[in-house]
Amino acid sequence: MQRMLGLLLVCFCTAANAGTDGFARVTETLTPRVHAVIRPVAINAPYEGNSIVIEQSDGLVVVDAGGAPPAGEAIVRQIKSFSAKPVKYLVYTHYHGDHNLGAGAFLKAWPDVVIVSTAATKASMTGKPMDYIKTYGKDYAGELAYAKTQAADTKLAPEIRAGWQQFLDVGDSIVAGYSDLKAYPATRTFTDRFDIPDRETPVQVMFLGRANTDGDAVIWVPSERVLCSGDIVVSPIPYAAASYPAEWIGVLKKLKGFDFAWLVPGHGEPMRDRAYVDKVIAALEDVRAQVGPLAAKGLPTADIAKQTNFETLKSDFAGNDPWKQFLLNAFFLDSIVKNAAAEARGEPIVQGTS
């Protein structure tokens, strides 16, 4: 995910985690040949993407690399704990740094690894959308002072204070981890489909259309019935950034058409059914239905926000939790309203400008 809202992204959390290492990972075995390497508590800071390890006959295919050097190192340790096979391919689902800035650890462990992404993702990783990583560590260091004031403010709801406190608990590890970052763009790109054949576990990497970004890759492992969505699906609260609302809905419907036993989202727990995908589709349709006509009349985005009502949507994703409501606005509603308005006006949606 890009820099916009980045300081909030690390705070997508609950008070459940008392740890101080923001980059620890655990492995969940989905099938004998597919493992999800995820954060112990998915919605705790830092808000980093899932990694998926797919075992082929002569090596491993890994989807996403974590968002910082220590994240990449943690994922590599997890992989080596259950497989002696080398990583042959590292596939990026999209350009947001929390899915790829840990790739240096993979190159150190397996120097011959081939990094794969869509051509659009590589263009973003080699262009302005990745400029934010130059000051990422300093940005988070500055945010710690603000987090301290919020965590100590007794006027705030306990859930809000707990959210900021969890950020403080892991803050030092985040600042250290996000310093001196380097992007590792793909060494092989594709536009429609990239196949990684294998007699046991073939892997299909596909671009199904613009959704969360302009270059989202979806990974399908047909023999295991595992589908990896990247941030096209993010749970328990979706993330919008510079997304494409109408096309996003179309891609989500395509995902529903796969005969998956497991859907691994970009963030959050692996899923066994389509219920959450339906919820995201409904949310996007609600936003477009309300925002589109107002934007077409020429109303400014600020005025559009005042004339829409997303209480049902908020209840569906955040319930009565003030912290989750705050995060839903920050991660999803603020950006998706702006994007839906731009879409209705025929204006471009530019990556890196959520």
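Because the structure is predicted, anything quoted here is derived from the model rather than measured. (Residues numbered from 1 in each chain as written. Predicted model: local features only at pLDDT ≥ 70, side-chain atom pairs only at ≥ 80, totals over all residues. Heavy atoms only, no water.)

Caption draft 1: Quick peek at the packing of helix H8 (residues 275-296) against helix H10 (residues 311-318). The interhelical angle for the contact between H8 and H10, taken along N-to-C directions, is 155°, at an axis separation of 10 Å. What the angle tells us is that H8 and H10 run roughly antiparallel. Between H8 and H10 the crossing geometry is left-handed. Where H8 abuts H10, its residues Tyr 276, Lys 279, Val 280, Ala 283, Asp 286 and Val 287 lie against Leu 313, Asp 316 and Phe 317. Classifying every residue of the contact of H8 with H10 gives six nonpolar, no polar and three charged. (Axes fitted to C-alpha atoms, helices over the stretch in contact; angles between N-to-C directions. Helix = DSSP H or I, 4+ residues; strand = E, 2+ residues; numbered from the N terminus. Parallel < 35°, antiparallel > 145°, perpendicular 65-115°, else oblique. Left-handed = near helix turned anticlockwise from the far one by under 90°. Contact = heavy atoms within 4.5 Å. Nonpolar A, V, L, I, M, F, W, Y, C, P; charged D, E, K, R; others polar.)

Caption draft 2: Quick peek at the pairing of strand E12 (residues 262-267). Of all six residues making up E12, six are buried, and the element is well covered by its neighbours. Bridge count for strand E11 (residues 226-234) against E12 is five bridges, and the pairing is parallel. Residue pairing in the sheet places Leu 227 in a bridge with Leu 263 of E12. A crossover connection joins E11 to the parallel E12 through helix H7 (residues 245-256); in handedness this β-α-β unit is right-handed. (Buried < 20%, exposed > 50% of the residue type's maximum accessible area, 1.4 Å probe, protein only. Pairing = 2+ DSSP bridges. Right-handed = clockwise from strand over helix to strand, strands pointing away.)

Caption draft 3: Expanded view of H8. Taking 1.5 Å of rise per residue, the 22 residues of H8 would be expected to cover 32 Å, and the 32 Å separating its terminal C-alpha atoms lies within 8% of that figure. Listing the buried residues of H8 in full gives Tyr 276, Val 277, Val 280, Ile 281, Ala 283, Leu 284, Val 287, Val 291, Gly 292, Leu 294 and Ala 295. Residues of H8 that are buried in the fold lie against E11, H7, E12, helix H9 (301-306), H10 and helix H11 (322-345). Two residues or fewer past H8, Gly 298 is found with a positive phi of approximately 95°. (Expected span 1.5 Å × (residues − 1).)

Caption draft 4: Representation of unusual backbone geometry. Along the chain, Ser 235 connects to Pro 236 via a cis peptide bond; the corresponding omega equals 10°. Structurally, Pro 236 is set in the loop between E11 and H7. With a phi close to 70°, Asp 64 is a non-glycine residue in the positive phi region. Residue placement: Asp 64 occurs in the loop between strand E4 (59-63) and helix H2 (69-82). A relative accessible area of 2% means that Asp 64 is categorised as buried.

Caption draft 5: The arrangement of the layout of surface pockets in detail. Approximately 200 Å³ is the volume found for the largest pocket. Around the largest pocket sit Thr 301, Ala 305, Thr 308, Asn 309, Phe 310, Glu 311, Lys 314, Asn 329, Leu 333, Asp 334, Val 337 and Lys 338, which together line it. Taken together, the elements giving at least two residues each to the lining of the largest pocket come down to H9, H10 and H11. At five residues, H11 tops the list of elements feeding residues into the lining of the largest pocket. (1 Å grid on protein atoms, 1.4 Å probe; cavity = no way out; pocket = protein on both sides within 12 Å on 5 of 7 lines; lining within 4 Å. Points joined across faces, edges and corners; volume = space filled by probe spheres on them.)

Caption draft 6: Layout of the pairing of strand E1 (residues 26-31). The pairing of E1 with strand E2 (residues 34-38) spans five bridges and is antiparallel. The residue of E2 that forms the bridge with Thr 27 is Val 37. Counting the residues in the hairpin turn of E1 and E2 gives two residues.

Caption draft 7: Highlighting the sheet that holds E11. With mixed pairing, five strands are arranged side by side in an open sheet as E8-E9-E10-E11-E12. Unpaired on one side and paired on the other, strand E8 (193-196) and E12 mark the two borders of the sheet. Ignoring which end each strand starts from, the neighbouring axes of this sheet average 20° apart. Of the strand pairs in this sheet, E8 and strand E9 (residues 203-206) are connected by four bridges, and their pairing is antiparallel. The residue of E9 that forms the bridge with Arg 193 is Met 206. Those strands touched by H7 are strand E10 (218-221) and E11, and its axis lies near 160° from that of E11.

Caption draft 8: Spatial organisation of the pattern of salt bridges. Counting across every chain of the model gives 13 salt bridges. Notably, a salt bridge pairs Arg 193 with Asp 195, separated by 3.1 Å at the nearest N-O pair. Look at Arg 193 and you get partly exposed, because its relative accessible area is 45%. Taking the relative accessible area as the measure of exposure, Asp 195 reaches 40% and is therefore partly exposed. (Salt bridge = Lys/Arg side-chain N within 4 Å of Asp/Glu carboxyl O.)

Caption draft 9: Structural view of empty space enclosed by the protein. In the structure shown here, the tally under the stated rule is two cavities of 30 Å³ or more. Each pocket or cavity is described by its volume, and for the second largest cavity that value is around 30 Å³. Lining of the second largest cavity is provided by Asn 50, Ile 52, Val 63, Asp 64, Thr 93, Cys 228, Ser 229, Gly 230, Val 264, Pro 265 and Gly 266. Elements that contribute at least two residues to the lining of the second largest cavity include exactly E11 and E12. Of the residues that constitute the lining of the second largest cavity, the class distribution is five nonpolar, five polar and one charged.

Caption draft 10: How the structure looks around the packing of H7 against H8. Viewed as axis vectors pointing N to C, H7 and H8 meet at an angle of 160°, and their least axial separation amounts to 10 Å. By the angle class used here, H7 and H8 are roughly antiparallel. Regarding H7 and H8, the two cross each other, and that crossing is left-handed. Taken together, the residues of H8 that come into contact with H7 (itself represented by Pro 245, Ala 246, Trp 248, Ile 249, Leu 252, Lys 253 and Lys 256) are Val 277, Asp 278, Val 280, Ile 281, Leu 284, Glu 285 and Arg 288.

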